[in-house]
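Chain by chain, the residues:
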Amino acid sequence: MKYNAYAKLNILLNVHGKYFNDYHSIESIMLPVNLYDELDIEIISGSSDIIIECSDKQIPQDENNILYKCAKLFQNKFKIRDGIKIYLHKNIPTQSGLGGESADAASLMHFYNDTYKLDLSFDSIFYLGRLLSWDVPICYLQKCIYINDKTNVCEVIVPKPPLYFLLIKPDFGISTKKAFEKLDHINYANADPKPLLDAFQQSPQKVGKYVYNCFIKTDIRLIDEYNLLAQISKEIGFDGFSMSGTGSCFFGITTDKTILTNGYNFFYNKYPFVKSTNLMLL
């Protein structure tokens, strides 16, 4: 069985401090985009084995892989007696802020829900997904989501098309753990989500004006790349420019396919990862 694990893009990312348990209160607008890892899944009857293989040999293929953790979680929670073998073909770059690990786990959750007819409720999706990673439930829903931990809001938002994105990742990655540690020790600002929410649902050509990510200030390499890429993207004609997640993948946003193509042609071969994409709405 084959499942696609779609990347996510944060067009807004605020952090509203920490909870008592050291977890951070996050506010974000997250979108699924047409870039995905591929999971080839085989059930192993009469065995509890969990076998992970991956096209990227730098990714752990043991109990440290989020797919292994997800499979073990579902075996234990739902008394599933079958084992599983997963071949993961990676297309989403690691340490990019595009949610590759979370998307993979969410895709495997879909497999278990479909195959074993678990009929997972919304609350179960969030409970189980959050045991693996913060944005697994969002990746599972595969919709455009506005989420604010501080006010307990999680709602589907409907985009007004068209929206296109040019993804650009430099030759370094950012550890999520280290990014949060750095954020705790710097002065940073959060953005008002309302203008972006309004533009996203009403005026797509204005969305780029309001995209924002507080994590850009956590690393001098991110600051330098952002300043350079944002200026070039503006000259090409993109509506706006920002970064996804804790980094290090940046994105330009436009409603014009010609600008998207021009941007891709300009940056292609200048960076290790350059990808033209769009919203993936299922």
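Residues numbered from 1 in each chain as written. Predicted model: local features only at pLDDT ≥ 70, side-chain atom pairs only at ≥ 80, totals over all residues. Heavy atoms only, no water.

It is worth spelling out the overall build of the chain at this point. On a plain count of helices and strands, the chain comes out with nine helices and 11 strands. Relative to the globule expectation of 19 Å for 282 residues, the C-alpha radius of gyration of the chain, 19 Å, shows essentially globular dimensions. Projected onto its principal axes, the C-alpha positions of the chain cover 60 × 40 × 35 Å. A buried classification covers 52% of the 282 residues belonging to the chain. Just so you have it, the chain exposes about 13,400 Å², and 49% of that area is on carbon and sulfur atoms. Across the chain, the mean location of the 29 positive side-chain charges is 2 Å away from that of the 31 negative side-chain charges. (Helix = DSSP H or I, 4+ residues; strand = E, 2+ residues; numbered from the N terminus. Rg over C-alpha atoms; globule rule 2.2 N^0.38 Å. Buried < 20%, exposed > 50% of the residue type's maximum accessible area, 1.4 Å probe, protein only. Areas by Shrake-Rupley, 256 points an atom, 1.4 Å probe, with all protein chains shown as cover. Lys, Arg positive; Asp, Glu negative; His and termini not counted. Charge placed at Lys NZ, Arg CZ, Asp CG, Glu CD.)

On the basis of which strands lie adjacent, the open sheet formed by four strands has the order S9-S10-S7-S11 and antiparallel pairing. The sheet is open, and its two edges are formed by strand S9 (240-243) and strand S11 (273-278), each paired on a single side. The mean angle between the axes of side-by-side strands here comes to 20°, regardless of whether they run parallel or antiparallel. Bridging between strand S7 (residues 164-169) and strand S10 (residues 250-254) involves five bridges; their strand directions are antiparallel. Looking at the pairing, Leu166 lines up with Gly252 of S10. Most of the contacts of helix H9 (residues 257-267) go to S7, to which it runs at about 15°, and overall it touches S7, S10 and S11. (Pairing = 2+ DSSP bridges. Axes fitted to C-alpha atoms, helices over the stretch in contact; angles between N-to-C directions. Contact = heavy atoms within 4.5 Å.)

Glancing now at helix H3 (residues 122-132). Where H3 is concerned, the buried positions are Ile125, Phe126, Leu128, Gly129 and Leu132. Contacts made by the buried residues of H3 are with helix H1 (66-77), helix H2 (100-115), helix H4 (136-141), strand S5 (145-148) and strand S6 (153-156).

Taken as a whole, this structure holds 11 salt bridges when the rule is applied. Residue Asp40 pairs with Lys2 through a salt bridge whose shortest N-O separation is 3.0 Å. You can see Asp40 sitting in strand S2 (residues 24-44) and its partner Lys2 sitting in strand S1 (residues 2-18), a full 38 residues away along the chain. Two residues, Lys8 and Asp135, come together in a salt bridge whose shortest N-O distance is 3.9 Å. With a gap of 127 residues between them, Lys8 in strand S1 and Asp135 in the loop between H3 and H4 connect regions that are remote in the sequence. (Salt bridge = Lys/Arg side-chain N within 4 Å of Asp/Glu carboxyl O.)

Another point: the side chain of Glu27. Looking at the secondary structure, you find Glu27 in strand S2. One buried charged side chain, Glu27, makes no salt bridge at all; its nearest oppositely charged neighbour is Lys150, positioned 8.1 Å away. Side chain to side chain, Glu27 and Tyr146 meet in a polar contact 2.5 Å long. When near neighbours in sequence (up to four residues on either side) are disregarded, Glu27 contacts Leu12, Leu13, Asn14, His16, Tyr146, Ile147, Asn148 and Pro193. (Polar contact = N/O pair within 3.5 Å; in protein donor to acceptor, adjacent residues only side chain to side chain.)

Throughout the structure, instances matching the rule amount to 15 aromatic pairs. Arranged with centres 5.2 Å apart and planes meeting at 65°, the rings of Phe111 and Tyr112 form a pair that is edge-to-face. For the residue pair Phe111 and Tyr112, the accessibility class agrees, reading buried in each case. Through a chain of ring-to-ring contacts, the aromatic side chains of Tyr3, Phe74, Phe78, Phe111, Tyr112 and Tyr116 assemble into a single cluster. Geometry around Phe266 places Lys270 over its ring, the cationic atom sitting 4.4 Å from the centre. (Phe/Tyr/Trp six-rings, centres within 6.5 Å; stacked < 30°, edge-to-face > 60°. Lys NZ or Arg CZ within 6 Å of the ring centre and 35° of its normal.)

The N-to-C vectors of helix H8 (residues 220-236) and H9 enclose an angle of 135°; their axes lie 10 Å apart at closest approach. What the angle tells us is that H8 and H9 run oblique. The two elements H8 and H9 cross, and the hand of that crossing is right-handed. Contact with H8, carried on its side by Leu229, Ile232, Ser233 and Ile236, involves Ile259, Asn262, Gly263, Phe266 and Phe267 of H9 and no other residues of that element. Across the contact of H8 with H9, the residue classes break down as six nonpolar, three polar and no charged. (Parallel < 35°, antiparallel > 145°, perpendicular 65-115°, else oblique. Left-handed = near helix turned anticlockwise from the far one by under 90°. Nonpolar A, V, L, I, M, F, W, Y, C, P; charged D, E, K, R; others polar.)

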